[in-house]
Amino acid sequence: MSEKLKRYSSDNRQLMIMLGVIAGMFIILSLTVNNFCTARNLTNLLQQIAPIAVMSTGATYVLAIGGMDISNPAVMAASAVVGVYFMTTMGGNLVVGALVIVLVASLLGLINGFAIAKLKMVPMVVTLSMMTIGTGLATILSGTRGLPILPASFSNFLNKYAVIVILLVVVAVFDFVLTGTKFGRMLYYIGNNAKTAKISGIDSENLIMFTYTISGFCAGIAGVINTASIATARANMGPQSQILDIISAAVIGGVSLNGGSGRVRDAALGAVLIVGLTNVMNLLGVSDYYTTLVKGGIVIGAMGIASFRGHLAAKKGA
């Protein structure tokens, strides 16, 4: 069996597993949990899934190169606060304000990428620092009283149907780019072996820098979605605990923390599982502490399964 056919088979198997688990979860919850299938709850669920799925898209790219970005929620919050500050305090145009959110987030991602790729700094340290900077910036601009409410036209335009379209477009486009283009293949090469990729003539530094910019861009898109959802922006709209959901979604979707593999599509489905689980536990009145504990256990379990499958594949290839 050719390598390409093996990857295609593995991708399809991962997709079928994810879809089966999601379908089973929704069927069981519809029958056992009160109010789960109400229009209001499903709408709320969609609004919660979209930003996590979009940020997990950026995380998938970073993980594909063997990197790590834990600053996504803070970058999302900071860029959203800057955009809303521009639209309200400075009287800026709503459309331009949405673009400001995306551009600011992309710039913060670029700074991460520059420090990691060009200055050879440790990804965890860089993105942890950016998380602190983003939270501080958002807190300073939003102040103790928060920012004014945006006009209803902003939220009406970016309603739940628009959010669905944005989510589907982002996932479809970025999944195709990662799995179906030369650019995506180069990212996988870097994740598998950065030194070999560089020897092969791949411009690893610029690609790594661009990848972190993509992560920032996705955080900006999530910022626009969240801003439309609450009609303003706050520093606490990107809690540090949210990074667990983002990384969990990617890991459950089969994205390797060691780099070199993973699909945006599957990470987005992982977001459906993680957010769906959180939603259900909230409906059941389960404490957030227990919810976090369960999600952490799921991630460890998913990593263990992936490691076991990797050992089996290595034995077969030996």
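Remember, it's a predicted structure, so these values are computed and weren't measured experimentally.

Caption draft 1: Examining the overall build of the protein more closely. Within the protein, the regular secondary structure consists of 13 helices and zero strands. The secondary structure elements of the protein, listed N-terminal to C-terminal, are α-α-α-α-α-α-α-α-α-α-α-α-α. Each principal axis of the C-alpha distribution contributes one length, and for the protein these read about 60 × 55 × 30 Å. Within the protein, buried positions represent 50% of all 318 residues.

Caption draft 2: Spatial organisation of the packing of helix α2 (residues 39-64) against helix α11 (residues 242-252). Relative to each other, α2 and α11 sit at 65°, their axes nearing to 8 Å. The two elements α2 and α11 meet at a crossing, and its hand is right-handed. Residues Ile-52, Met-55, Ser-56, Ala-59, Thr-60 and Leu-63 of α2 lie in contact with α11, whose contacting residues are Gln-242, Asp-245, Ile-246, Ala-249 and Ala-250. When grouped by side-chain class, the residues that make up the contact of α2 with α11 number seven nonpolar, three polar and one charged.

Caption draft 3: Quick look at the confidence of the model for the protein. Looking at the protein, pLDDT values average 87 and 92% of them are 70 or higher. Averaged pLDDT values for the elements of the protein fall to 72 in helix α1 (residues 3-32) and rise to 97 in helix α4 (residues 94-117).

Caption draft 4: Molecular detail of the pattern of salt bridges. A complete count under the given rule lists five salt bridges for this structure. A salt bridge links Lys-118 to Glu-205; its shortest N-O distance comes to 3.4 Å. Pair noted here: Lys-118 is in the loop between α4 and α5 (123-142) and Glu-205 is in helix α10 (residues 204-230), with a separation of 87 residues, a long-range link. For Lys-118, a relative accessible area of 32% puts it in the partly exposed group. Between Asp-175 and Arg-263 there is a salt bridge, with its nearest N and O atoms 2.4 Å apart. Linking Asp-175 in helix α7 (residues 160-180) with Arg-263 in the loop between α11 and α12 (264-283), this pair joins segments that are 88 residues apart in sequence. Arg-263 shares its class with Asp-175; the two are buried. Linked by salt bridges that have partners in common, Lys-118, Lys-120 and Glu-205 make up one network.

Caption draft 5: The arrangement of the packing of aromatic side chains in detail. Inspection of the entire model under this criterion finds three aromatic pairs. With a centroid separation of 5.6 Å and 85° between ring planes, the pair formed by Tyr-61 and Phe-174 is classed as edge-to-face. With Tyr-61 in helix α2 and Phe-174 in helix α7, this pair connects stretches of sequence that are 113 residues apart. Neither Tyr-61 nor Phe-174 differs from the other in exposure class; each is buried. Their ring planes at 40° and their centres at 6.2 Å tell us that Phe-174 and Phe-217 sit as a pair that is tilted. A residue pair is termed long-range when its members are at least 10 positions apart, and Phe-174 in helix α7 and Phe-217 in helix α10 qualify at 43 residues. By way of ring pairs, the aromatic residues Tyr-61, Phe-174 and Phe-217 are connected into one cluster.

Caption draft 6: Main features of α11. Judged by how many residues are buried, α11 sits mostly within the fold: 10 of 11 residues are covered. Inspection of α11 places Gln-242, Ile-243, Asp-245, Ile-246, Ile-247, Ser-248, Ala-249, Ala-250, Val-251 and Ile-252 among the buried residues, and these make up the whole buried set. Gly-254 lies just past α11 and shows a positive phi near 95°.

Caption draft 7: Spatial organisation of a nonpolar patch on the surface. Together, Val-95, Leu-99 and Leu-103 line one region of the surface with nonpolar side chains, adding up to about 320 Å² of accessible area. Note that Leu-99 resides in helix α4. Take Leu-99: its relative accessible area is 52%, and that puts it in the exposed class.

Caption draft 8: Geometry of the side chain of Ser-248. Within the secondary structure layout, Ser-248 lies in helix α11. At 2.4 Å, the side chain of Ser-248 and the backbone oxygen of Leu-244 are in polar contact. If near-sequence neighbours (up to four positions away) are discounted, Ser-248 is found in contact with Ile-274, Lys-295 and Val-299.

Caption draft 9: Quick look at the side chain of Ser-79. By secondary structure assignment, the location of Ser-79 is in helix α3 (residues 72-88). The exposure class assigned to Ser-79 is buried, which follows from its relative accessible area of 0%. With residues up to four places along the chain from it excluded, the contact list for Ser-79 reads Ile-101, Val-104, Ala-105 and Gly-220.

Caption draft 10: Region of the structure containing the environment of Gly-254. With respect to the helices and strands, Gly-254 occurs in the loop between α11 and α12. Between the alpha carbons of Gly-254 and Gln-14 there is a distance of 7.3 Å; along the sequence they are 240 residues apart. What Gly-254 contacts, discounting residues up to four positions off in sequence, is Gln-14, Ser-261 and Gly-262.

Procedures and definitions
- Residues numbered from 1 in each chain as written.
- Predicted model: local features only at pLDDT ≥ 70, side-chain atom pairs only at ≥ 80, totals over all residues.
- Heavy atoms only, no water.
- Helix = DSSP H or I, 4+ residues; strand = E, 2+ residues; numbered from the N terminus.
- Buried < 20%, exposed > 50% of the residue type's maximum accessible area, 1.4 Å probe, protein only.
- Axes fitted to C-alpha atoms, helices over the stretch in contact; angles between N-to-C directions.
- Left-handed = near helix turned anticlockwise from the far one by under 90°.
- Contact = heavy atoms within 4.5 Å.
- Nonpolar A, V, L, I, M, F, W, Y, C, P; charged D, E, K, R; others polar.
- pLDDT = per-residue confidence, 0-100.
- Salt bridge = Lys/Arg side-chain N within 4 Å of Asp/Glu carboxyl O.
- Phe/Tyr/Trp six-rings, centres within 6.5 Å; stacked < 30°, edge-to-face > 60°.
- Patch = residues over 30% accessible without salt bridge, like charges linked within 9 Å, V, L, I, M, F, W, Y side chains within 5 Å.
- Areas by Shrake-Rupley, 256 points an atom, 1.4 Å probe, with all protein chains shown as cover.
- Polar contact = N/O pair within 3.5 Å; in protein donor to acceptor, adjacent residues only side chain to side chain.

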